[in-house]
Amino acid sequence: MIAQIRPTELAAWLAQAQADSGQQPLLLDVREPWELQTASVRAEGADFVHMPMASVPLRLAELGAERPIACLCHHGGRSMQVAYYLQQHGFDQLANVAGGIDAWAQELAPQVPRY
């Protein structure tokens, strides 16, 4: 099962994931480069990797299956697809940031541009 977490719940999920796994969690942003330039966020307690959705299959080896990963996109759809893909390839500590960066801007950081 892939956890659906709101941006306001992300910090708690990251802390728990690190405690459970002993690994630094990863925030995986699967948006396109232009989207990252438009609006970008970082989560305290997680490493950040930008990997556009289409590149994930080619770059899968860059991600550690033992590492907790929270996937992020614009509204949560692409990131959920990537989370399912990762799950099918042996990743089991996964979360999808429900509502994506748009919800992040609304819930946590109004200074983040909405697009």
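That block above? That's the structure.
Below: a short report on this structure. Everything numeric here is computed off the predicted structure, so don't read it as measured data. (Residues numbered from 1 in each chain as written. Predicted model: local features only at pLDDT ≥ 70, side-chain atom pairs only at ≥ 80, totals over all residues. Heavy atoms only, no water.)

With respect to helix α1 (residues 7-21)
What counts is decided by this rule: In this text, helices come from DSSP runs of H or I with a minimum length of four residues, and strands from runs of E with a minimum of two, each type numbered from the N-terminal end. In a helix, the anticipated span is given by 1.5 Å times the number of residues less one. Note on contacts: a residue pair qualifies if any of its non-hydrogen atoms lie within 4.5 Å across the two residues.
Spanning 15 residues, α1 covers 21 Å between terminal C-alpha atoms, matching the ideal 21 Å at 1.5 Å per step. Looking at the buried positions of α1, the neighbouring elements they touch are β1 (3-5), β2 (26-29), β4 (69-72), β5 (94-97) and α5 (100-107). Within two residues after α1, Gly22 carries a phi angle of roughly 75°, on the positive side.

What to know about the packing of aromatic side chains
Note the cut-off: Here is the rule: rings of Phe, Tyr and Trp (six-membered ring for Trp) pair when centre to centre is within 6.5 Å. Planes less than 30 degrees apart are stacked, more than 60 are edge-to-face, and the remainder are tilted. Two conditions define a charge located above a ring, namely a distance within 6 Å from the ring centre to NZ of Lys or CZ of Arg, and an angle within 35 degrees of the ring normal.
Counting across every chain of the model gives 1 aromatic pair. Plain terms: the ring middles of Trp34 and Tyr115 are 5.6 Å apart, the flat faces sit at 70° to each other, and that makes the pair edge-to-face. Remark: Tyr115 occurs in the segment after α5 and Trp34 occurs in helix α2 (residues 33-38); sequence separation between them is 81 residues. Here Arg42 stacks its cationic end above the ring of Phe48, 3.8 Å away from the centre of that ring.

Points about α5
Because each turn of an α-helix spans 3.6 residues, side chains separated by three or four positions in sequence point in the same direction. Cut-off, in case you're wondering: Each residue is placed in one exposure class: buried if its accessible area under a 1.4 Å probe, protein chains only, is under 20% of its type's maximum, exposed if it is over 50%, and partly exposed if it falls in between.
Across the 8 residues of α5, 6 count as buried, placing the element largely inside the fold. Residues of α5 that are buried in the fold lie against α1, β2, β4 and β5.

Considering the pattern of salt bridges
As a reminder of what qualifies: Just to be clear on terms, a salt bridge is a Lys or Arg side-chain nitrogen sitting within 4 Å of an Asp or Glu carboxyl oxygen.
All told, the structure shown has 6 salt bridges when counted by the stated rule. Residue Asp47 pairs with Arg67 through a salt bridge whose shortest N-O separation is 2.2 Å. Of this pair, Asp47 sits in strand β3 (residues 47-50) while Arg67 sits in the loop between α3 (56-59) and β4, and the two are 20 residues apart along the sequence. In this structure, Arg114 and Asp102 form a salt bridge, with 2.8 Å as the shortest nitrogen-oxygen distance. Here Asp102 lies in helix α5 and Arg114 lies in the segment after α5, a separation of 12 residues in the sequence.

Brief notes about the side chain of Arg31
The line we're drawing: For this analysis, a polar contact is any N or O atom pair within 3.5 Å, provided that within protein one partner can donate a hydrogen and the other can accept it, and provided that sequence-adjacent residues contribute only side-chain to side-chain pairs.
Looking at the element boundaries, Arg31 is found in the loop between β2 and α2. For Arg31, a relative accessible area of 0% translates into the label buried. In this structure the side chain of Arg31 is engaged in a polar contact, spanning 3.1 Å, whose partner is the backbone oxygen of Glu35. Ignoring sequence-local partners within four residues, the contact set of Arg31 consists of Leu36, Ala39, Ser40, His50, Pro52, Leu72, Cys73, His74, Arg78, Ile101 and Tyr115.

A short note on the environment of Gln4
As for its position among the elements, Gln4 is in strand β1. Every residue in contact with Gln4, bar those within four places of it in the chain, is listed here: Glu9, Met80, Asn96 and Ala98. At a separation of 3.1 Å, a polar atom in the side chain of Gln4 contacts the side chain of Asn96.

Considering the nonpolar core
Across soluble globular proteins, you tend to see nonpolar side chains buried next to one another. Defined as follows: Grouping buried Ala, Val, Leu, Ile, Met, Phe, Trp, Tyr and Cys residues that are joined through side-chain atoms within 4.5 Å yields what is termed a nonpolar core.
Grouped together as the largest cluster of nonpolar side chains are 19 residues, with contacts concentrated most on Leu10, Trp13, Leu27 and Trp104. Counting only elements with at least two residues in this core, the list comes to α1, β4, β5 and α5. Per element, the largest residue contribution to this core is 4 residues, and it comes from α1. When residues no more than four places from it in sequence are discounted, the contact partners of Trp104 are Pro7, Leu10, Leu27, Val41, Arg42, Ala43, Leu72 and Ala109. The next biggest cluster of nonpolar side chains, apart from the first, holds 17 residues, and it includes Leu26, Val30, Val56 and Ile69.

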